[in-house]
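Okay, here's what each chain looks like letter by letter:
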Amino acid sequence: MNTTTRTMNTSKCCGGGPRSLVVRQQVSSASRCASHHLRTRATAVEVSGKAQGTATEEPLLLRAVRGEEVSRPPVWMMRQAGRYMKSYQELCKKYPSFRERSEIPELSIEISLQPWKVYKPDGVILFSDILTPLEGMNIPFDFLQGKGPVIEDPIRTMEQVERVCKLDPASAVPFVGQTLEALKKEIGNESTLLGFCGAPYTLASYIIEGGSSKNYTNIKKLAFNQPEVLHALLAKLADGMIDYLCYQAESGAQTVQIFDSWASHLSPCDFEVFSLPYIKQIVSGVKARQPDLPIILYISGGAGILERMADTGVDIVSLDTSLDITDARKRINDKTGIQGNIDPALILAGNKEAITKRVHQTIEQGRGTKHIVNLGHGVLPGTSEENVGYFFDTVKEFSW
C-alpha cells in the first residue's frame, strides 16, 4: 500500500485544491450561460409558477411508505432522469460537464423534471451525485469524460483524515437546497420529492481508491492493516451525511435514499464492522432530527446481507434483481417495506406482454407490506422512452 502522505489544502477547510478552484470557476461560468439559456426557454417552475396539484392529500409514495392503505403501489425508477432521454442528451451537448448539469440549479431542476413532465412518476428524485457534498468536507473531486469520478489525492493516512472537515451543506452545496425547493414548488403533492446520499463505506471507497475500482484493494488494505484510519474517515462521513440528508429534508425532500453501492464487495462479517454501524449512525442521527422522514437503503448485490440491511433502522430496503420479493419478505419477516427488483433489461427489451406480467407479479408479491415498484438497478442506456412510458403506465393503471 502506498503510505506516502498526500497533500490536501489546509489554508481553508472547505476550500479544496487548485483543480477544485478551476472546476468551481467552470461551473460558475456555465451557470451564467445556463441562466441566460433557460430564461429564454423557462424552466417548468417559471412557466407554471406553482404546482398544478392543489390537493391537500399527501402524495401516494409518501402515504405508501408510511404504511397507509393505497389503491396501488407507487412507482419511480432509479436513474429515471438522465442518459436514456433525448431531452437530456440534447442538454449534454450544450453542457458537457456533469458537474455543470448537477450543480447549476437551473440545469438540475430541468433534468430532474424531464421524466416528471413525460411520465408523471410517483417519485421525483434530485439530479445530483453521491460525491457532491465531498468538496464541502475538503475532499476535492471531479468527473472526467470516459473515466468517471476522480479524486486526485486519495486519503490513506490519519493525517489526511484529520484534514477532512465538518460539512455545512447550506454554505458548501446551496445549489442542492435551491434545486429541491424549486422541485417541491413544481410538483406539489402530485409526487414525492426524493433526496439521497452515499453511505460512508461507498464514499470512502471512492476517496481511498481515488475513483472507481474493480477490486477495491486500497480500501481493503486500509481496513485490514490500519482499521483505525478507515474508522476515523467513516465516522466523519457519517456525520456529514446526517447533516446533508437533514438539509435536504429542510429544503423539501420528503423521502431520502442511502446508496451503499460497493458494500456488497465486503464479506458479511466485514460489512458488520465497516458499513453497518455507519449506516445505523446516519439513520439514527437523521431520525433524531427528522423523525417523520422515510429512509430507503439500496445495496446493489446485497442478497447476502439482506437481514443486516433490515437491521439498520431504515423504513424500506431496496432489492436488486438477484432477490425475489417473496423470499426477501420471509427472510426479514416484513421488518421493513420493500422497493425494487425488476430487471432493467426487461424495460430495455420492450416486450410489452413480459413487462405487464412482471409488473403484476411484482405488485402481487409486495401486497400486504409497504411496497414501491422500482427497478433492481438504474434504467439502462439505450432504453427507449416508449418502453419506459409503458412500464410506468402499467403500474399506474393497476388497481386492487
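Anyway, here's the lowdown on the structure attached to this text. (Residues numbered from 1 in each chain as written. Predicted model: local features only at pLDDT ≥ 70, side-chain atom pairs only at ≥ 80, totals over all residues. Heavy atoms only, no water.)

## Considerations on helix 19 (residues 385–396)
Next, step 1: Its 12 residues give helix 19 an end-to-end C-alpha distance of 16 Å, which sits within 8% of 16 Å, the value for a rise of 1.5 Å per residue.
Next, step 2: Taken together, the buried positions of helix 19 are Asn-387, Val-388, Gly-389, Phe-391, Phe-392, Thr-394 and Val-395. (Helix = DSSP H or I, 4+ residues; strand = E, 2+ residues; numbered from the N terminus. Expected span 1.5 Å × (residues − 1). Buried < 20%, exposed > 50% of the residue type's maximum accessible area, 1.4 Å probe, protein only.)

## Thoughts on the packing of helix 16 (residues 325–332) against helix 18 (residues 352–366)
Next, step 1: Here helix 16 crosses helix 18 at 15°, and the two axes come no closer than 9 Å. With respect to helix 18, the axis of helix 16 lies roughly parallel. Every pair of crossing elements has a handedness; the one defined by helix 16 and helix 18 is right-handed. When helix 16 is examined against helix 18, the residues Ile-325, Thr-326 and Arg-329 are found in contact with a partner set consisting of Thr-362, Gln-365 and Gly-366.
Next, step 2: A breakdown of the residues in the contact of helix 16 with helix 18 according to their chemical character gives one nonpolar, four polar and one charged. (Axes fitted to C-alpha atoms, helices over the stretch in contact; angles between N-to-C directions. Parallel < 35°, antiparallel > 145°, perpendicular 65-115°, else oblique. Left-handed = near helix turned anticlockwise from the far one by under 90°. Contact = heavy atoms within 4.5 Å. Nonpolar A, V, L, I, M, F, W, Y, C, P; charged D, E, K, R; others polar.)

## Structural notes on the pairing of strand 4 (residues 192–198)
Next, step 1: In terms of residue burial, strand 4 counts as a mostly covered element, since seven of its seven residues are buried.
Next, step 2: Burial of the side chains of strand 4 extends over both faces: Thr-192, Leu-194, Phe-196 and Gly-198 are buried on one face and Leu-193, Gly-195 and Cys-197 on the other.
Next, step 3: As defined by bridge partners, strand 1 (residues 123–125) adjoins strand 4 across three bridges and the pair is classed as parallel. Bridge pairing in strand 4 links Ile-125 to Leu-194. (Pairing = 2+ DSSP bridges.)

## Considering the pattern of salt bridges
Next, step 1: Taken as a whole, this structure holds 16 salt bridges when the rule is applied.
Next, step 2: Put simply, Glu-159 and Arg-163 hold a salt bridge, and the shortest N to O gap is 2.7 Å.
Next, step 3: For Glu-159, a relative accessible area of 40% translates into the label partly exposed.
Next, step 4: Residues Glu-272 and Arg-308 are paired through a salt bridge, measuring 2.8 Å at the closest nitrogen-oxygen approach. A residue pair is termed long-range when its members are at least 10 positions apart, and Glu-272 in helix 13 (residues 268–274) and Arg-308 in helix 15 (residues 306–310) qualify at 36 residues.
Next, step 5: Each of Arg-99, Glu-103 and Glu-135 takes part in a single network of salt bridges with overlapping partners. (Salt bridge = Lys/Arg side-chain N within 4 Å of Asp/Glu carboxyl O.)

## Comments concerning the pairing of strand 7 (residues 316–319)
Next, step 1: A two-sided burial pattern is seen for strand 7, the buried positions comprising Ile-316 and Ser-318 on one face and Val-317 and Leu-319 on the other.
Next, step 2: With three bridges connecting them, strand 6 (residues 295–298) and strand 7 associate as parallel partners. What sits directly across from Tyr-298, in strand 7, is Ser-318.
Next, step 3: Following the chain from strand 7 across helix 16 to the adjacent parallel strand 8 (residues 337–340), one finds a crossover that is right-handed. (Right-handed = clockwise from strand over helix to strand, strands pointing away.)

## Let's talk about the nonpolar core
Next, step 1: Judged by nonpolar contacts, the single largest core of 90 residues is most densely connected at Leu-230 and Ile-258.
Next, step 2: Broken down by element, this core gets its largest block of residues, 13 residues, from helix 12 (residues 227–250).
Next, step 3: Beyond its immediate sequence surroundings of up to four residues, Leu-230 is in contact with Ala-204, Ile-208, Ile-219, Leu-222, Ala-223 and Phe-274.
Next, step 4: Met-85, Tyr-88, Tyr-119 and Phe-391 belong to the second-largest nonpolar core, a separate cluster that totals 29 residues. (Core = buried A, V, L, I, M, F, W, Y, C linked by side-chain atoms within 4.5 Å.)

## Some remarks on the environment of Phe-259
Next, step 1: By the element assignment, Phe-259 lies in strand 5 (residues 255–259).
Next, step 2: A C-alpha to C-alpha distance of 8.5 Å links Phe-259 and Ser-300, two positions 41 residues apart in sequence.
Next, step 3: Those residues in contact with Phe-259, other than ones at most four positions away along the chain, are Met-78, Ile-130, Phe-196, Cys-197, Gly-198, Ala-199, Thr-202 and Tyr-298.

## Observations regarding the packing of helix 9 (residues 174–187) against helix 12
Next, step 1: Their axes nearest at 9 Å, the elements helix 9 and helix 12 cross at an angle of 30°. For helix 9 against helix 12, the interelement crossing comes out right-handed. Where helix 9 approaches helix 12, its residues Pro-174, Val-176, Gly-177 and Leu-180 are matched on the opposing element by Tyr-244, Tyr-247 and Gln-248.
Next, step 2: In terms of residue class, the contact of helix 9 with helix 12 is built from five nonpolar, two polar and no charged.

## Focus on the sheet that holds strand 8
Next, step 1: Spatially, seven strands are ordered 1-4-5-6-7-8-9 in an open sheet, and the strand pairing comes out parallel. Strands with a single pairing partner mark the edges of an open sheet, and in this sheet they are strand 1 and strand 9 (371–372).
Next, step 2: Where strand 4 and strand 5 come together, five bridges link them in parallel fashion. Bridge pairing links Gly-198 to Phe-259 in strand 5.

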